[in-house]
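Understanding the architecture of this molecule
Listed here are the chains, written in short residue letters.
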Amino acid sequence: MLKQYSDLILNNRWKVLLVWLLLLISFGIGLGKITFSSDYRVFFGEDNPELLAFTKMQDTFSSSDNVLIAVTPKDGSSVFTAASLQAIQDITQRSWKAPYSTRVDSLTNYQYSYAEQDDLIVADLVSEENLSESAIALAKTRALAEKQLVNRLVSNEGHVGAINITIRLPGKFREAEVPEVGAFVKEMMQDVRATYPDLDFHVSGQIMMNNTLVEASQFDMGVLFPITLLIIILGTGLFVRGVSATLGVFLVIIMSIISAIGITGWMGIQLSPPSASAPTIILTLVVADCMHILSTYFYNLRKGLSSIAAMHESIVINFKAIFITTVTTIMGFLTLNFSDSPPFRDLGNITALGVFAAFALSVSFLPALITLLPARKRKVREEGNGFLGRYVEWLANNTKKISLSLVALTLFVVWALPKNSIDDNFYDYFGTHFETRQANDFIFENLTGIATLEYKIDSQAEMGIANPEFLSKIQSFADWYETQPEVYNVNVITDTFKRLNKNMHGESEAFYKLPSDKELASQYLLLYELSLPFGLSLDNQLTTQKSATRMVVTLRKGPSSQLLRLDNSAQQWLQDNQMAEFVSAGVSPDMMFAKIGYRNNRALLWGALIALVVISLTLIAVFKDVKIGLISLIPNLYPAAIAFALWGLAIGEVGLSLSVVGTMTLGIVVDDTVHFLNKYMHATRELGQKSAQAIRYAFETVGPAIIGTTLVLTLGFLVLAMSPFRLNSDMGLMTSITITLALILDFVILPALLLIFDKVPTPTQKAEAIGTKEATAN
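Below is a summary of the structure that appears in this document. Computed from a predicted structure; not experimentally measured. (Residues numbered from 1 in each chain as written. Predicted model: local features only at pLDDT ≥ 70, side-chain atom pairs only at ≥ 80, totals over all residues. Heavy atoms only, no water.)

1. Digging into the packing of aromatic side chains
- Throughout the structure, instances matching the rule amount to 25 aromatic pairs.
- Plain terms: the ring middles of tyrosine 391 and tryptophan 394 are 6.0 Å apart, the flat faces sit at 15° to each other, and that makes the pair stacked. Of this pair, tyrosine 391 and tryptophan 394 both sit in helix α12 (residues 386-397), 3 residues apart, which is roughly one turn of the helix.
- Taking the relative accessible area as the measure of exposure, tryptophan 394 reaches 41% and is therefore partly exposed.
- Geometrically, the ring pair formed by phenylalanine 412 and tryptophan 415 is tilted, given 6.3 Å between the ring centres and 50° between the ring planes. Separated by 3 residues within a single helix, phenylalanine 412 and tryptophan 415 lie in helix α13 (residues 399-416), roughly one turn from each other.
- Note on phenylalanine 412: relative accessible area 22%, which makes it partly exposed.
- Cluster of aromatic residues (ring-pair linked, three or more members): Phe43, Phe44, Tyr429, Phe430, Phe434, Phe593 and Phe725.
- When the ring centre of tyrosine 114 is taken as origin, the NZ or CZ atom of arginine 142, which lies over that ring, is 4.8 Å away.
- For lysine 513, the ring lying beneath its charged end belongs to phenylalanine 511, and the centroid distance is 5.6 Å. (Phe/Tyr/Trp six-rings, centres within 6.5 Å; stacked < 30°, edge-to-face > 60°. Helix = DSSP H or I, 4+ residues; strand = E, 2+ residues; numbered from the N terminus. Buried < 20%, exposed > 50% of the residue type's maximum accessible area, 1.4 Å probe, protein only. Lys NZ or Arg CZ within 6 Å of the ring centre and 35° of its normal.)

2. Looking at the sheet that holds strand β6 (residues 199-204)
- An order of β2-β5-β1-β6 is seen for the 4 strands of this open sheet, with the pairing classed as antiparallel. Both edges of this open sheet fall to β2 (101-106) and β6, since each of them pairs with a single strand only. Looking at each pair of strands side by side, their axes are set apart by 15° on average, direction ignored.
- Each of β1 (66-73), β5 (161-167) and β6 is contacted by helix α7 (residues 206-240), which is oriented at about 105° to β1, the strand it contacts most.
- Along the sheet face, helix α14 (residues 435-446) touches β1 and β6 and points at about 105° away from the line of β6. (Pairing = 2+ DSSP bridges. Axes fitted to C-alpha atoms, helices over the stretch in contact; angles between N-to-C directions. Contact = heavy atoms within 4.5 Å.)

3. Things to note about the nonpolar core
- If you look at the biggest cluster of nonpolar residues, it comprises 233 residues, and the most contacted ones within it are Val67, Ile69, Leu107, Ile253, Phe477, Tyr481 and Met551.
- In contact with isoleucine 253, not counting residues within four places along its chain, are Leu229, Ile232, Ile233, Leu283, Val286 and Val287. (Core = buried A, V, L, I, M, F, W, Y, C linked by side-chain atoms within 4.5 Å.)

4. Some details on helix α3 (residues 49-60)
- For α3, with 12 residues, the first-to-last C-alpha span of 16 Å sits near the 16 Å given by 1.5 Å per residue.
- By the burial criterion, the buried members of α3 are Glu50, Leu51, Phe54, Met57 and Gln58. Taken end-on, α3 shows its buried residues confined to a sector of 125°, consistent with a single buried face. Away from the buried face of α3 by more than 90 degrees, exposed residues Lys56 and Asp59 are located.
- Buried residues in α3 make contact with β8 (452-458), β10 (548-555) and α19 (589-623). (Expected span 1.5 Å × (residues − 1). Arc of directions from axis to C-beta.)

5. Some words on a nonpolar patch on the surface
- Nonpolar side chains collect at one region of the surface, where Leu18, Leu21, Leu22, Ile25, Ile29 and Trp266 lie side by side and expose about 630 Å² of accessible area between them.
- Of the residues forming the nonpolar patch, the biggest block, 5 residues, is contributed by helix α2 (residues 13-31).
- Secondary-structure assignment places leucine 21 in helix α2.
- The partly exposed category is assigned to leucine 21, whose relative accessible area is 46%. (Patch = residues over 30% accessible without salt bridge, like charges linked within 9 Å, V, L, I, M, F, W, Y side chains within 5 Å. Areas by Shrake-Rupley, 256 points an atom, 1.4 Å probe, with all protein chains shown as cover. Salt bridge = Lys/Arg side-chain N within 4 Å of Asp/Glu carboxyl O.)

6. Considering unusual backbone geometry
- The backbone of glutamate 507 shows a phi angle near 60°, a positive value even though the residue is not glycine.
- The topology assignment puts glutamate 507 in the loop between α16 (493-503) and α17 (518-531).
- Positive phi values are uncommon outside glycine, yet lysine 546 reaches one of about 55°.
- You can see lysine 546 is positioned in the loop between α17 and β10.

Interpretation note: all reported values are geometric properties and have no functional meaning in isolation.
Next comes the structure, spelled out in structure tokens:
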């Protein structure tokens, strides 16, 4: 059947090229339908419980999406100077014009309340009309004593002030809305920096981090993709040593990517930072199929076959192995559908499409094109014992030592693998050269946290927020949080009630406590709200019915495990103090990323186990040999296991990015094993060779292609490791390590296992065995 297929392709070469041209045009139209998401919410499915809870919190209160601008004098002096405060006032006014802004809070426009005789005065902390030394000194004293300001909009040392712009995106075209806000802020800050050259400005916040997702993806696609393509084309050129073959591989790469991304566009799948790396991964994987077809083709040319005959035999010999490796690679990437994060599911599906397109092109388009192009005559290599013979002999003489090394590797994996912990830090996802990452690091160290936990505390009664007993419970919860070392600031409504109670009692410190009467508390709150200017109401803290409040805990920089431990402790405290029924679970983007990391690892572990079982059964069925199928498990399982063991010793943190590596690489590393075993089985079954001879035949016929594809794959993923987006860079680095380890295992451990467990009898031994059976029968 394969011979008929090969004849069909090679006898209709121009028709094959025409069909692919028409397909390429149809796929190419889909490229125009591609959209890109710059919203961190894309990492979570629509039914993600943390996303649903966070969305409900934002619908109940105001949006938490923000732009945070930190201001500090370049000389490190106090921000409480006329020049610095004027700059903060200026930025505050400009920020109201930001697209989709609903609120602007800053050090200068903080609504400070105080009493003048019987009147309650609510005004900006820093007046635009009065920036005298005495007014600034008073503002500084008030600010550094205000819990709602310190470690939130002003540093506790007074050297950094801040402006927080609340953004509520309509959500209709988020891929355009975030860049629109980002462009406005960047243009505004460019002018601000020119106006105030003596000040430093650090811009961060959820919106700017979303915008940085776009910048990171643009870098991957605009810089890393061309670099990877260049490396792979150069590597292919060195391997095949021919312009025609290099051109053929280049066209297969481009057509595979256009096919995969074009179909993605037709299907309406939206690209995101993780899935945007699919073209780079596809172009790396495509080369493997091409190299095996070309390797055998050139091997046959050296034997003196014509171009058509050489390609015909190459297709017949390699089709089965390439089909198997395509299936196993697709299986590996499709297991990413077990992921709890849609972008990784998209990455798996898009790459699977590209791998299938590469297979189809490699066994149809590539043979048709190569045989139409001129082929350079190659010298016939003389047979000889040479290096391969000596290497196989070394393997045969050292099988026991290699077996012991396998045992040692097993013990190493068992010891080192548990040193990994499931952990992550969303704020370290971006490279340090990004302005947003630099701003995050500065703000964490000098001003406040960016990570938060938000709680809805519900009295379950209208105006229940003014109930002294309920306020006392809120205060107890806030007090507990303020004692936690991971906490920067707790923004809670009880601080406002205490300040108002103090104001209405002649500014007496003795009355800086919660009101003891509900009616009195209600009056204070009404009076305060009526005094607030437009845009700075309490709707970010209180519901319309005044039945519930939002408490926002700002955290110090730390891994996701710290966040989960803290929230678990909070939930336990609420249980112990009979408050659990009034307080929601902690929600925030940080909590969403923390939870999805744990779920993703568990889900993908199951995916990897299922893929392993299916791939193993596939190999057993294809080779029709249980023993060979079981032997193949070692070089397929161990690369990822050893890689994660090494990662455990060096780093020890397995986050969202690495959770996909085990399942993804399983499908990739199987390729070399399949090609090696395919040649080995051909030599033992068809050519009647013994194990040692068959191993040498496998090395000779497929060894160079395996080395070449491994080199190309490793370099390709190492380029991806240069990505400024950590999800992609960690994945690229770990995958390159795993693929390199797979080559070592396929060239050392696999042959040794075959020599030990698959001792093929010689023809004489077979004849003797048959004779013995016949004699026994008689």
